[in-house]
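Observations on chain architecture
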Amino acid sequence: MARLLSLSSSSRSEGSITSRLLKEFVSEWKLVHPKDSVLELDLSKEKVPYLDEMLLSAIYADPQARAEEQKAAYKQVERYTEAITDSDVYVMAVPMYNFSVPAVFKAFIDLIVLPGVTFKMNGSAFEGLLKNKRAFVITASGGNYDQPPMSKMDFLEPYLRSVFGFLGVTDISFVKVQGHDAAIVAREQENALTKIREYVKRGSLTAVK
Ligand SMILES: Cc1cc2nc3c(=O)[nH]c(=O)nc-3n(C[C@H](O)[C@H](O)[C@H](O)COP(=O)(O)O)c2cc1C
């Protein structure tokens, strides 16, 4: 039995392409893998805190010496790190905002990249501690970033590959809905749905392209 972690981050509660595809992914997963558990977090509604001075001090304080405010703040960090460390598959709906991930998604990443929890030093090298995990990213953008010169402006896919790779998650797949023409968007959503169904059916042990 595995655990699926579903993360959404679109600011739109209606008409969101990534949220719609995420919903399809999760219901397909529940159908095909009924014994698995599923944890769903909507980061746009979670009020994910920024890594400000208080939070930073709470994270690195001696656990016994944490002030009440720091304890409460650290609880939320733990909730997110546990969501990540205790799940086997991550499905993440991440729209492109200003060529990268939404701020709420970046705030979440700032809380889960934690030494001793999701990565450690191994001699002088970094070692990711998220072993045997898989990630599936559903993204959407108004522009198309497949070819130069636009491809140079895509900081979303390289960033997510880098940060999750750093944490040890190298099996990472992307489906993209790109463009604003209605017919193209409809076709891309259908293609994305096909890839989602294939991935879910395989319980994918290898990334799809
Ligand atoms: C705040 C904001 C920033 C955006 N920035 C970009 C961008 O940099 N590049 C792009 O191609 N599309 C951009 N878009 C368009 C979205 O990526 C596109 O509408 C996508 O479908 C949003 O995901 P959603 O449908 O799940 O909400 C932006 C949209 C918003 C609301």
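Relevant structure appears above.
Conventions we followed
Residues numbered from 1 in each chain as written. Predicted model: local features only at pLDDT ≥ 70, side-chain atom pairs only at ≥ 80, totals over all residues. Heavy atoms only, no water. Near = heavy atom within 4 Å. Polar contact = N/O pair within 3.5 Å; in protein donor to acceptor, adjacent residues only side chain to side chain. Areas by Shrake-Rupley, 256 points an atom, 1.4 Å probe, with all protein chains shown as cover. Helix = DSSP H or I, 4+ residues; strand = E, 2+ residues; numbered from the N terminus. Nonpolar A, V, L, I, M, F, W, Y, C, P; charged D, E, K, R; others polar. Pairing = 2+ DSSP bridges. Core = buried A, V, L, I, M, F, W, Y, C linked by side-chain atoms within 4.5 Å. Buried < 20%, exposed > 50% of the residue type's maximum accessible area, 1.4 Å probe, protein only. Axes fitted to C-alpha atoms, helices over the stretch in contact; angles between N-to-C directions. Salt bridge = Lys/Arg side-chain N within 4 Å of Asp/Glu carboxyl O.

**Details of the site of the ligand**
The environment of the ligand is made up of 15 residues, and the closest members are Ser10, Arg12, Ser16, Thr18 and Tyr145. The separation between an oxygen atom of the ligand and a polar side-chain atom of Ser16 is 2.7 Å. Gly143 places a main-chain nitrogen or oxygen 2.7 Å from an oxygen atom of the ligand. Relative to its unbound accessible surface of 630 Å², the ligand loses 71% to contact with the protein. Elements supplying a minimum of two residues to the shell around the ligand: α1 (17–32) and β6 (134–141). Split into classes, the residues belonging to the shell around the ligand amount to 7 nonpolar, 7 polar and 1 charged.

**Observations concerning the pairing of strand β5 (residues 125–128)**
As defined by bridge partners, strand β4 (residues 119–122) adjoins β5 across 4 bridges and the pair is classed as antiparallel. Considered in β5, the bridge of Phe119 is made with Gly128. Two successive antiparallel strands, β4 and β5, enclose a turn made up of 2 residues, where Gly123 displays a positive phi of approximately 65 degrees.

**Let's talk about the nonpolar core**
Tyr90, Met92, Phe105, Leu160 and Phe164 are the most contacted members of the largest nonpolar core, which totals 39 residues. Elements represented by at least two residues in this core include exactly β1 (3–8), α2 (53–60), α3 (68–85), β3 (89–93), α4 (103–112), β6, α5 (156–166) and β7 (171–178). By size, the runner-up hydrophobic cluster in this structure holds 21 residues, among which are Ala93, Phe136, Val177 and Val185.

**Topic: the sheet that holds β3**
Strand pairing in a sheet relies on backbone hydrogen bonds, with the paired strands running either antiparallel or parallel. An order of β2-β1-β3-β6-β7 is seen for the 5 strands of this open sheet, with the pairing classed as parallel. Two strands bound the open sheet, and with one partner strand each, they are β2 (37–42) and β7. Neighbouring strand axes in the sheet, compared pairwise and without regard to direction, differ in orientation by 15 degrees on average. Sheet topology places β1 next to β3; 5 bridges connect them, and they run parallel.

**Digging into the pattern of salt bridges**
Enumeration over the complete set of coordinates arrives at 10 salt bridges. A salt bridge links Glu68 to Lys71; the nearest nitrogen and oxygen atoms lie 3.2 Å apart. Taken together, the residues span about one helical turn, with Glu68 and Lys71 both in helix α3 at a distance of 3 residues. Residue class for Lys71 comes out partly exposed when judged on its relative accessible area of 39%. With its nearest N and O atoms 3.9 Å apart, the salt bridge here joins Lys176 to Asp154. Placement of Lys176 in strand β7 and of Asp154 in the loop between β6 and α5 is noted, with a sequence separation of 22 residues between them.

So, to be careful, I would describe these as geometric facts and stop short of saying anything about function.
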